[in-house]
Amino acid sequence: MKQKLIFISGILILSSVMAFAQKKSSSEEQKMKVFVDALIKKMTLDEKLGQLNLPGAGDITTGQSASSDIGKKIREGKVGGLFNIKSEAKIRDVQKVAVEESRLKIPLIFGMDVIHGYETAFPIPLGLSCSWDMPLIEKSARIAAVEASADGICWTFSPMVDIARDPRWGRIAEGSGEDAYLGSQIAKAMVKGYQGDDLSKNNTIMACVKHFALYGAAEAGRDYNTTDMSRLRMYNEYLPPYKAAIDAGAGSVMSSFNEIDGIPATGNKWLMTDLLRRQWGFKGFVVTDYTAINEMIDHGMGDLQQVSALALKAGIDMDMVGEGFLTTLKKSLTEGKVTMSEIDQACRRILEAKYKLGLFSDPYRYCDANRAKTEIFTPEHLQAAREIAAQTFVLLKNEKQILPIQKKGTIALIGPLADNKENMPGTWSVAVDFKKSSSLLQGMKDALGSEATLLYAKGANIVDDSLMDARISVFGKPTYRDNRTPQQLMDEAVAIAAKSDVIVAAVGESAEMSGESSSRSNIKIPVNQVALLKALLATGKPVVLVLFTGRPLDLSWESKNVPAILNVWFAGSEAGNAIADVLLGKVNPSGKLTATFPQNIGQVPIYYNHKNTGRPLAEGKWFTKFRSNYLDVSNDPLYPFGYGLSYTTFNYSDLKLDKQKIAANGTLNISVKLTNTGKYDGSEVAQLYIRDLVGSITRPVKELKGFQKVFLKAGESRTLNFTITPADLAFYNSSLQFKAEPGDFKVFVGTNSASGLEASFVLLK
Ligand code: BGC
């Protein structure tokens, strides 16, 4: 009875707290509405269009902004915000022009691509996702927000949540891989990290979910290419992470470059209004991607006036760089091609964002010279970057337990990525000073001290082809091309390798071989580096391949011939130190792949949650005539989604379901015993997948529905508990209703998507 009373009073308190919070937020919304209404009334048409304009300012230098074209436009009220300008002083300067010299003194919003850290760079997002560690991912976004906001930035063009199943696409590096469930968890964590619980605080920044939508499904992995997919695939497999970010409160959305149903996303009313606003209830603003409105001319949608009107009518609020809104909407209004209420609506959304960020009450809220000096690139942030980076490395192979390397004898560190700190932050690190990153060579030197001898040689260039070399070092990340012949480089490396006890080969892609406009049709390690690996293996010494990459690679040859492979992606400011921590055993690797590694490029797209088809290949088989398979390669991936080894070993046992049948409103509890059966303490990401055996539409062979990252001491066991509710079993059916269908299911719990203990259950009507 007493307990019941406590429970009831608890509920009463909770509901009055919730009612109070709701009342507070609606009264705040009311206040914002009154403020924005009053402001819009005062604005001329030109000033309204100015708010919709996000010009490309480049990195304006202090003082010059006032006399530059941008300065003039700001004074005339023709600019709503600027992006990718770095430094508190410059931003303060520009803001001053807006709030002191423009007629209505409306503050500017300052955005930036703070994608994986600000000055303190964290691993590329694909790497971060391999940590499967939501608190750590949130922490990386929180630190990024603290640093960016200390330097004048209040809006980031992140998270990038595009599902990608094609490693040819260079921007796979910027997202969280192939899975909608994991991608959704990460999207939420990042939005929370950036925005915190109060956007008006001076250390939180507004998130911008991108690229809406389906950008990762570009045909043939070629950037900006066409996408075309069914609604079912969209709703079930590609849209969930965008929706998760919006449900988590993301303040803005960026349109993508690609088309959807034959209409570019930026002009697609179904996408931007029916889906985003009407179905999902999004209340923030939508910015285009870089010149995406103008690009609709090349898409074949009309001239600049036509495409600008199309974008506004579709639901776009802010025009990045192209100035189509600024230069043509007035004419379109006069000609009746757009309405004043459409312009007002877009303008209102921009002003509301500025209001929510607190810019009207203090336009310099994010400009604090003291914070800029004390809160950026701090030792604490670097320490966090080092710890987080080590959680993202994926141990792909470790024959004869070569790793961890003992701190003794002679270690040869060889390869074009060993002494290249500028490449360590990876793609999209606008605010980073590349020279301040830690290289693997420096990290190893510091970690080894006098305990072992470290020898170094470059061994090979990143690529031999000088044209390719020029293409992959455009943005201040040098490849340090060595003009000696490949043979000379290799001879020097083999000579030091011969003197060593173990060889660490730092090879792979350079940072700019992935990212925007960096698609590859060949996803192998460049041939000259493979030749180096062959020469090193020929010495007979143990070789550890430390793989730098922004995408899954075809490692078929390496996986057969090199005894140990540690995939380190591009790990950020502390890359070198973090890699040394793992190579030398201070940290036990626990990363798990979030994108499938294929056996060869011909298998692409390859992903774990595929459909069964009517002619599936029997498990363990390679080729069977008239089955869905290839003549020349098995259907298996080289490394499946969720895969990653540890220095220790884990065993799964005792999979138990608390019931065999779940009621339509019931819960299924699943438990499994996880034991660390090896010699090292370590973390394991236990993964739970389901399979819906019969449906009104075909269902994937497996779907991730839960995971837990658990640390266990050597020899320790723990029982892990998962719960599944009918909501976890729901999917969008042919009528696009999100429903679970009664019937038979399988559940799998294990160490990756291709192996696990298995049980069955039934969902009742
Ligand atoms: C990219 C976006 C980025 C924008 C602004 C575009 O080229 O596609 O991801 O946010 O530039 O820098």
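Computed from a predicted structure; not experimentally measured.

(A) Highlighting the overall build of the chain. Counting its secondary structure elements, the chain contains 23 helices and 26 strands. Over its C-alpha trace the chain gives a radius of gyration of 27 Å, about what one expects of a compact globule, namely 27 Å for 765 residues. Dimensions of the chain, computed from the C-alpha atoms along their principal axes, are close to 75 × 70 × 60 Å. Split into buried and exposed, the 765 residues of the chain put 59% on the buried side. In the chain, the share of contacts with a sequence separation of at least 24, taken over all contacts with a separation of at least 6, comes to 78%. Carbon and sulfur atoms make up 53% of the accessible area of the chain, which amounts to about 29,800 Å² in all.

(B) Examining the nonpolar core more closely. Formed by 121 residues in total, the largest nonpolar core has its most connected members in Leu-82, Trp-155, Phe-212 and Leu-239. Ranked by the residues each element gives to this core, the list is headed by helix α7 (residues 180–195), at eight residues. In contact with Leu-239, not counting residues within four places along its chain, are Phe-212, Ala-213, Leu-214, Met-234, Leu-275 and Trp-280. Judged by nonpolar contacts, the second largest core, of 88 residues, contains Met-444, Ile-472, Met-490 and Ala-578.

(C) Representation of unusual backbone geometry in the model. In this chain, Lys-210 is followed by His-211 through a cis amide linkage whose omega measures -5°. Take His-211: it is sitting in strand β5 (residues 208–212). With an omega dihedral of 5°, the bond running from Phe-212 to Ala-213 counts as a cis peptide bond. Structurally, Ala-213 can be placed in the loop between β5 and α8 (231–238). Although it is not a glycine, Glu-323 sits at a positive phi angle of roughly 60°. On the basis of relative accessible area, Glu-323 is assigned to the buried category, the value being 14%. Of note in this structure, Leu-736 is not a glycine but carries a positive phi near 55°. Residue placement: Leu-736 occurs in the loop between β23 (731–732) and β24 (738–739).

(D) Up close: the site of the ligand. Around the ligand, the structure places 14 residues, and the nearest of them are Asp-113, Arg-171, Lys-210, His-211 and Asp-289. Within the side chain of Lys-210, a nitrogen or oxygen atom sits 2.8 Å from an oxygen atom of the ligand. Relative to its unbound accessible area of 310 Å², the ligand is 95% covered by the protein chains.

(E) Examining helix α17 (residues 440–448) more closely. All of the buried residues in α17 are Leu-440, Leu-441, Gly-443, Met-444 and Leu-448. Down the axis, α17 shows its buried residues gathered within 165° of arc, on one side only. Among the structural elements, β12 (410–414), β13 (453–457), β14 (502–508), β15 (543–548) and α22 (575–583) are those in contact with the buried residues of α17.

(F) Expanded view of the packing of α8 against helix α10 (residues 269–279). At a closest axis distance of 15 Å, the pairing of α8 and α10 adopts a crossing angle of 50°. With respect to each other, α8 and α10 are oriented oblique. As α8 packs across α10, the resulting crossing turns out to be right-handed. Across the interface between the two elements, Arg-231, Met-234 and Tyr-235 of α8 pack against Trp-270, Leu-275 and Gln-279 of α10. Class assignment of the residues belonging to the contact of α8 with α10 gives a composition of four nonpolar, one polar and one charged.

(G) Representation of the confidence of the model for the chain. Mean pLDDT over the chain works out to 95, with 95% of the residues at or above the 70 mark. In this model, residues 61–67 is a region of pLDDT below 50 whose contacts with residues beyond four sequence positions or in other chains number 14 contacts.

(H) Quick peek at the sheet that holds β5. Strand order in this open sheet of three strands is β5-β6-β9, and the pairing throughout is parallel. Strands at the two margins of the open sheet, each flanked by one partner only, are β5 and β9 (285–287). Neighbour-to-neighbour, the strand axes of the sheet open up by a mean angle of 25°, direction not taken into account. With three bridges joining them, β5 and strand β6 (residues 252–255) adopt parallel strand pairing. If you follow Cys-208 over to β6, its bridge partner there is Ser-252.

(I) Here's a closer look at the packing of aromatic side chains. In this structure the tally under the stated criterion is 24 aromatic pairs. With centroids separated by 5.2 Å and ring planes inclined at 90°, the aromatic side chains of Trp-132 and Phe-707 adopt a geometry described as edge-to-face. Here Trp-132, found in the loop between α5 (125–129) and α6 (134–150), pairs with Phe-707, found in strand β21 (residues 703–712); they are 575 residues apart in sequence, far enough to count as distant. When its relative accessible area of 17% is taken as the criterion, Phe-707 is described as buried. Taken together, the aromatic side chains of Trp-132, Tyr-181, Tyr-608, Phe-641, Tyr-689 and Phe-707 make up a single cluster linked through ring pairs. Over the face of the ring belonging to Phe-731 we find Arg-699, whose NZ or CZ atom lies 3.7 Å from the ring centre.

(J) Molecular detail of the sheet that holds strand β18 (residues 661–662). Taken together, five strands build an open sheet; the order of strands is β18-β26-β25-β20-β21 and the sheet is mixed. Where the open sheet ends on each side, the last strands, each with one partner, are β18 and β21. Sheet topology note: the strand β20 (residues 682–692)/strand β25 (residues 743–752) ladder contains six bridges and is antiparallel. Within β25, the position partnered with Leu-688 by the bridge is Val-749.

(K) Region of interest: the packing of helix α19 (residues 486–498) against helix α20 (residues 527–538). Where α19 contacts α20, the two axes come as close as 10 Å, and the packing angle between them is 30°. Taken together, α19 and α20 sit at an angle that is classed as roughly parallel. When you trace α19 past α20, the crossing you get is right-handed. Seen from α19, the contacting residues are Met-490, Ala-493, Val-494 and Ala-497; seen from α20, they are Ala-531, Leu-532, Ala-535 and Leu-536. For the contact of α19 with α20, the per-class residue count stands at eight nonpolar, no polar and no charged.

(L) Seen up close, the pairing of β14. The buried count for β14 comes to seven of seven residues, which makes it a mostly enclosed element. What you see with β14 is no split at all: Val-502, Val-504, Ala-506 and Gly-508 on one side and Ile-503, Ala-505 and Val-507 on the other are buried throughout. Bridge count for β12 against β14 is four bridges, and the pairing is parallel. The residue of β14 that forms the bridge with Ile-414 is Ala-505. Taken together, the six bridges between β14 and β15 define a ladder with parallel strand orientation. Counterpart to Val-507 in the pairing with β15 is Leu-547. Chirality of the crossover, the property in question, places the unit of β14, α20 and β15 among those that are right-handed.

The rules behind these values
Residues numbered from 1 in each chain as written. Predicted model: local features only at pLDDT ≥ 70, side-chain atom pairs only at ≥ 80, totals over all residues. Heavy atoms only, no water. Helix = DSSP H or I, 4+ residues; strand = E, 2+ residues; numbered from the N terminus. Rg over C-alpha atoms; globule rule 2.2 N^0.38 Å. Buried < 20%, exposed > 50% of the residue type's maximum accessible area, 1.4 Å probe, protein only. Contact = heavy atoms within 4.5 Å. Areas by Shrake-Rupley, 256 points an atom, 1.4 Å probe, with all protein chains shown as cover. Core = buried A, V, L, I, M, F, W, Y, C linked by side-chain atoms within 4.5 Å. Near = heavy atom within 4 Å. Polar contact = N/O pair within 3.5 Å; in protein donor to acceptor, adjacent residues only side chain to side chain. Arc of directions from axis to C-beta. Axes fitted to C-alpha atoms, helices over the stretch in contact; angles between N-to-C directions. Parallel < 35°, antiparallel > 145°, perpendicular 65-115°, else oblique. Left-handed = near helix turned anticlockwise from the far one by under 90°. Nonpolar A, V, L, I, M, F, W, Y, C, P; charged D, E, K, R; others polar. pLDDT = per-residue confidence, 0-100. Pairing = 2+ DSSP bridges. Phe/Tyr/Trp six-rings, centres within 6.5 Å; stacked < 30°, edge-to-face > 60°. Lys NZ or Arg CZ within 6 Å of the ring centre and 35° of its normal. Right-handed = clockwise from strand over helix to strand, strands pointing away.

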